[in-house]
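Below, each chain spelled out in residue letters.
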Amino acid sequence: MKLAVVGTGYVGLVVGAGFAEYGNDVVCVDKNADKIKNLKRGRLSIYEPGLEELVVRNQAEKRLRFSSSLARAVKDAQVLFIAVGTPQDEDGAADLSHVLDVAKELARAINGYKVIVTKSTVPVGTAVRVRETVGRETQYPFSVVSNPEFLKQGAAIDDFMRPDRVVIGSGDSRATELLRTLYAPFTRTGAPIQIMDCASAELSKYASNAMLATRVSFMNEIANVCELFGADVDKVRMAMAADRRIGPAFLFPGIGYGGSCFPKDVKALMKFSSVSGYECRILEAVETVNECQKNRLVEKMQNYFGSLTGKKIALWGLSFKPRTDDMREAPSVDIVNAILEMGGEILAYDPQAEKSARVIFGERISYAKGSYDAVVGADALAIVTEWNEFREPDFSRMRALMKVPVIFDGRNLFDVSQMRLEGFTYYSIGR
Ligand code: NAD
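Since this is a predicted model, take the numbers as computed values, not measurements.

The rules we used
- Residues numbered from 1 in each chain as written.
- Predicted model: local features only at pLDDT ≥ 70, side-chain atom pairs only at ≥ 80, totals over all residues.
- Heavy atoms only, no water.
- Buried < 20%, exposed > 50% of the residue type's maximum accessible area, 1.4 Å probe, protein only.
- Helix = DSSP H or I, 4+ residues; strand = E, 2+ residues; numbered from the N terminus.
- Arc of directions from axis to C-beta.
- Contact = heavy atoms within 4.5 Å.
- Core = buried A, V, L, I, M, F, W, Y, C linked by side-chain atoms within 4.5 Å.
- Near = heavy atom within 4 Å.
- Polar contact = N/O pair within 3.5 Å; in protein donor to acceptor, adjacent residues only side chain to side chain.
- Areas by Shrake-Rupley, 256 points an atom, 1.4 Å probe, with all protein chains shown as cover.
- Nonpolar A, V, L, I, M, F, W, Y, C, P; charged D, E, K, R; others polar.
- 1 Å grid on protein atoms, 1.4 Å probe; cavity = no way out; pocket = protein on both sides within 12 Å on 5 of 7 lines; lining within 4 Å.
- Points joined across faces, edges and corners; volume = space filled by probe spheres on them.
- Domains from an automatic or database assignment.
- Pairing = 2+ DSSP bridges.
- Axes fitted to C-alpha atoms, helices over the stretch in contact; angles between N-to-C directions.
- Parallel < 35°, antiparallel > 145°, perpendicular 65-115°, else oblique.
- Left-handed = near helix turned anticlockwise from the far one by under 90°.

(A) Focus on helix α3 (residues 51–60). L51, L54, V55, N58 and Q59 are the residues of α3 that are buried. Buried residues of α3, viewed axially, fall in a sector of 120°; they line one side. Facing away from the buried side of α3, by more than 90 degrees, are the exposed residues E53 and A60. Of the surrounding secondary structure, the elements contacted by the buried residues of α3 are α1 (10–21), α2 (33–40), β3 (64–67) and α7 (156–161). Backbone geometry just downstream of α3 places K62 in the positive-phi region, at approximately 65°.

(B) View of the nonpolar core. With 40 residues, the main nonpolar core has F19, L51, F81, F160, L179 and Y183 as its most contacted residues. For this core, the element with the most residues is α1, which contributes seven residues. Ignoring any residue separated from it by four or fewer positions in sequence, one finds F19 in contact with L3, N24, V26, F81, F160, L182, Y183 and F186.

(C) Geometry of the site of the ligand. The ligand sits among 26 residues. The nearest are D30, K35, T86, Q153 and K264. K35 has a polar side-chain atom sitting 2.5 Å from an oxygen atom of the ligand. Within the side chain of Q153, an N or O atom sits 2.8 Å from a nitrogen atom of the ligand. Starting from 830 Å² of accessible surface for the ligand in isolation, the protein chains cover 90%. Those elements that place two or more of their residues in the shell around the ligand are α1 and α5 (97–109). Split by residue class, the shell around the ligand holds eight nonpolar, eleven polar and seven charged.

(D) Structural detail: the layout of surface pockets. Taken as a whole, the second largest pocket spans an internal volume of roughly 250 Å³. Y10, L44, S45, I46, Y47, D325, M327, Q352, K355, S356, V359 and I360 are the residues that line the second largest pocket. Among the elements that make up the lining of the second largest pocket, the one with the highest residue count is helix α15 (residues 354–361) (four residues). Split by domain, the lining of the second largest pocket shows at least three residues from each of two domains, domain 1 (2–196) and domain 3 (294–427).

(E) Examining the sheet that holds strand β11 (residues 366–367) more closely. In spatial order, the strands read β11-β10-β9-β12-β13-β14; together these six strands make up an open sheet with parallel pairing. The two strands at the open ends of the sheet, each matched to only one other strand, are β11 and β14 (425–427). Where strand β9 (residues 312–316) lies against strand β12 (residues 380–383), four bridges are found, and the strand directions are parallel. The residue bridging I313 from the neighbouring strand is A380, located in β12. Sitting on the sheet, helix α13 (residues 296–305) touches β9, β12, β13 (406–409) and β14, and the angle it makes with β13 is about 155°.

(F) Highlighting the packing of α13 against helix α14 (residues 331–341). At a minimum axis distance of 9 Å, the contact between α13 and α14 shows a crossing angle of 30°. Between α13 and α14, the interaxial angle falls into the category roughly parallel. Handedness of the α13/α14 crossing: right-handed. Residues L297, V298 and M301 of α13 form the contact with α14, whose own contacting residues are I335, A338 and I339. Classifying every residue of the contact of α13 with α14 by side-chain character gives six nonpolar, no polar and no charged.

Distances and angles like these do not, on their own, reveal function.
Structure follows, in structure tokens:
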């Protein structure tokens, strides 16, 4: 099939390359001309495992092209995907301006029947707005489909190529059948293609992210209760996970959720519900718990040190989660700012996010070349992101390098009793 994907960010690029991998002819469009110029040379501005190889291979085989001209890309394509950002407004709502701008541009460029698919995460009612926007600008026939994307950064290619489900919101059988055909190779393992109305499809995405955010905040709350009573959240978690009604996924406590999706999607869901007359009380609590949890690690440091003035803190991890360079809404931002405000100094190491971190912190913190470099002369180590390479360090080497062997672990990477044997003062979450 001939496809155009507008927006070449974490979602658009994976979607475009993923469709090309199954033999489709894909043009990816972005208004950022530099991004397109680099992509044409096989250079990506984001880090996502496996993506560069996928892009380069499909480009070499001429199934994947890049363009900054939306009009030209649209002419030949049957299906047009909108995968641009829907960032948070000042009042918490999803900013739809990019989506609607693209809808208008698409409408002006179409030259026959097209299926316009919203991949971006958009509030309920957006399909109607896209339909109206396009309808005002063109006489050609078109269908609007809502096809939310559930991939997660760090495992985006696998999630897209082998989804748990494909959700298609459509009120039009011609468009539905096209999308069903397009997704057939992705669902050979039996994952369902769920056809529903656009409103339900749009809400499915927000409900899923809100549920995951709720699990995170719920477990963080349980972890905090564990600390009050000397209980071990790992034991509690395992007992909960063995209950098939609960299951083991997403039960890990930590320092709060971040990233470009959970925070903004929880807020947007609350906002569009409240505008229509319903206050999401559970989600209010989910957010409150998350905000408090982001302070948890620094509170532990304060309790230990009294004052952080002049303390050298080594930081492992900056990205909002492992296997990405993305720092949008990363808990590390709150943690770094709090330590700096209290007069501490930071030497940070992240396997991929240094470039993104420099945009946020500039030279206010220092950057180490490796995890051991970061701990040299440190008064304490704070673990913020659970990159695999942090999981089995050489503890005796660390002890020798650090000024004081103290670890504040926001991701519960190590065994509490082993840390005692290794000679560390060790603080983690809920244990
Ligand atoms: P992103 O910020 O990484 O990428 C968006 C891209 O769209 C940018 O390259 C930008 O230049 C481009 N763009 C903006 N306006 C444009 C226009 N008018 N014409 C052409 N290009 C334009 O965003 P993302 O993380 O890929 O997210 C995109 C959407 O997908 C959001 O709605 C997000 O909520 C949703 N989503 C994201 C993820 C994720 O893990 N990042 C997962 C599922 C869904």
